[in-house]
Each structure stands twice: as C-alpha cells, then as structure tokens.
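Here is what each chain is made of, one letter per residue.
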Amino acid sequence: MARGQASTDTTRGVDELAQAVRRTIVAKGYDEVRESPDGREFHFVTRKSALNWELDGVATVTPGGSGSVLLVTLSGRAGSPRALMDGWKTRKAAEKLAAEIAD
C-alpha cells in the first residue's frame, strides 16, 4: 500500500488546530470519520476522484514548541488498484491536506 505523510508545525493551540482538522474533513465530505475521545486524532476515508482512489487517512494533533504539530498520514485502501506513481501522489495529497488544515 502506498503511504504518504506530511507534518506541519503551527503556532495554533492544540484545541484550535483540532477544530480546524474537524472542520476541514467535514467540509470535504470525507467518509467514516472517527475521532478519538480526547479529540486529537481523526480517522477518515477520502473521496474518490477522477485521478485518485479513496485513501485511508489519519490526522493527529500534538503539542509542540510554541503551539502544536499536525501529522497527516494517507494510505491506499485494501483492494484498491496500485499504480507506479501512488507513493508520490499519496504524499502530495497528504501535504496538500495538511496545508489546507494549517492555513
């Protein structure tokens, strides 16, 4: 399975960044959204598009430095077809989602 990760340090507080994660994944209409009891880890499934299959995703918010850290991990779903560029595309998708959440 192709897997991509992106990490972003922010000056936002943990709760503020977790709310941004929640808002973004709901606005994007992701499926099977689950949130940890402490509200700092989110599991979801991205939507299928013309260029990408659905991906399993995890977004984790942790305290860090002068604010908090966002880690987004996306990976191919079991049973999805594989392609040569999957690793690159999955990493780029994780970077794009992390940037959207952090902004």
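Residues numbered from 1 in each chain as written. Predicted model: local features only at pLDDT ≥ 70, side-chain atom pairs only at ≥ 80, totals over all residues. Heavy atoms only, no water.

(A) Seen up close, the overall build of the protein. For the protein, the helix and strand inventory stands at 2 helices and 5 strands. In sequence order, the secondary structure elements of the protein are arranged as β-α-β-β-β-β-α. For a compact globule of 103 residues, the expected C-alpha radius of gyration is about 13 Å, and the protein comes in at 13 Å, within 12% of that figure. Considered along the principal axes of its C-alpha atoms, the protein spans approximately 40 × 25 × 20 Å. Out of the 103 residues in the protein, the part that is buried amounts to 37%. (Helix = DSSP H or I, 4+ residues; strand = E, 2+ residues; numbered from the N terminus. Rg over C-alpha atoms; globule rule 2.2 N^0.38 Å. Buried < 20%, exposed > 50% of the residue type's maximum accessible area, 1.4 Å probe, protein only.)

(B) Spotlight on helix 1 (residues 14–27). With 14 residues, helix 1 extends 20 Å from end C-alpha to end C-alpha; this agrees with the ideal 20 Å at 1.5 Å per step. Every buried residue belonging to helix 1 is among V14, L17, A18, A20, V21, T24 and I25, and all of these are buried. Buried residues along helix 1 cover an arc of 155° about the axis, so they all sit on one side. Projecting away from the buried face of helix 1 at angles above 90 degrees are the exposed residues D15, R23, V26 and A27. The inward-facing, buried residues of helix 1 abut strand 1 (3–10), strand 2 (31–35), strand 3 (41–45), strand 4 (55–64), strand 5 (67–76) and helix 2 (86–102). Following helix 1 by one or two positions, G29 adopts a phi angle in the positive range, close to 70°. (Expected span 1.5 Å × (residues − 1). Arc of directions from axis to C-beta. Contact = heavy atoms within 4.5 Å.)

(C) Local environment of the packing of aromatic side chains. In this structure the tally under the stated criterion is 1 aromatic pair. On the basis of an interplanar angle of 10° and a centroid distance of 5.2 Å, the ring pair of Y30 and F44 is categorised as stacked. Of this pair, Y30 sits in the loop between helix 1 and strand 2 while F44 sits in strand 3, placing them 14 residues apart in sequence. The buried category is assigned to Y30, whose relative accessible area is 16%. (Phe/Tyr/Trp six-rings, centres within 6.5 Å; stacked < 30°, edge-to-face > 60°.)

(D) Broad picture of the sheet that holds strand 5. Read across the sheet, 5 strands follow the order 1-5-4-3-2 without closing on themselves; strand pairing throughout is antiparallel. Each of the sheet's edge strands pairs with one partner strand only, and the pair in question is strand 1 and strand 2. Averaged over all adjacent pairs, the angle separating strand axes in this sheet is 15°, with direction ignored. One ladder, built from 3 bridges, connects strand 2 with strand 3; its direction is antiparallel. Each residue of the ladder has a partner; that of D31, found in strand 3, is V45. (Pairing = 2+ DSSP bridges. Axes fitted to C-alpha atoms, helices over the stretch in contact; angles between N-to-C directions.)

(E) Just the pattern of salt bridges, in detail. On inspection of all chains with the given rule, the structure shows 8 salt bridges. Close ionic contact of R77 with E32 constitutes a salt bridge, the shortest N to O distance being 3.9 Å. A residue pair is termed long-range when its members are at least 10 positions apart, and R77 in the loop between strand 5 and helix 2 and E32 in strand 2 qualify at 45 residues. Owing to a relative accessible area of 21%, R77 belongs among the partly exposed residues under this scheme. Among the salt bridges present, the one from R77 reaches D56, with a minimum N-O distance of 2.8 Å. One end of the pair, R77, is in the loop between strand 5 and helix 2; the other, D56, is in strand 4, with 21 residues separating them in the sequence. Each of E32, E54, D56 and R77 takes part in salt bridges that share partners, so that together they form one network. (Salt bridge = Lys/Arg side-chain N within 4 Å of Asp/Glu carboxyl O.)

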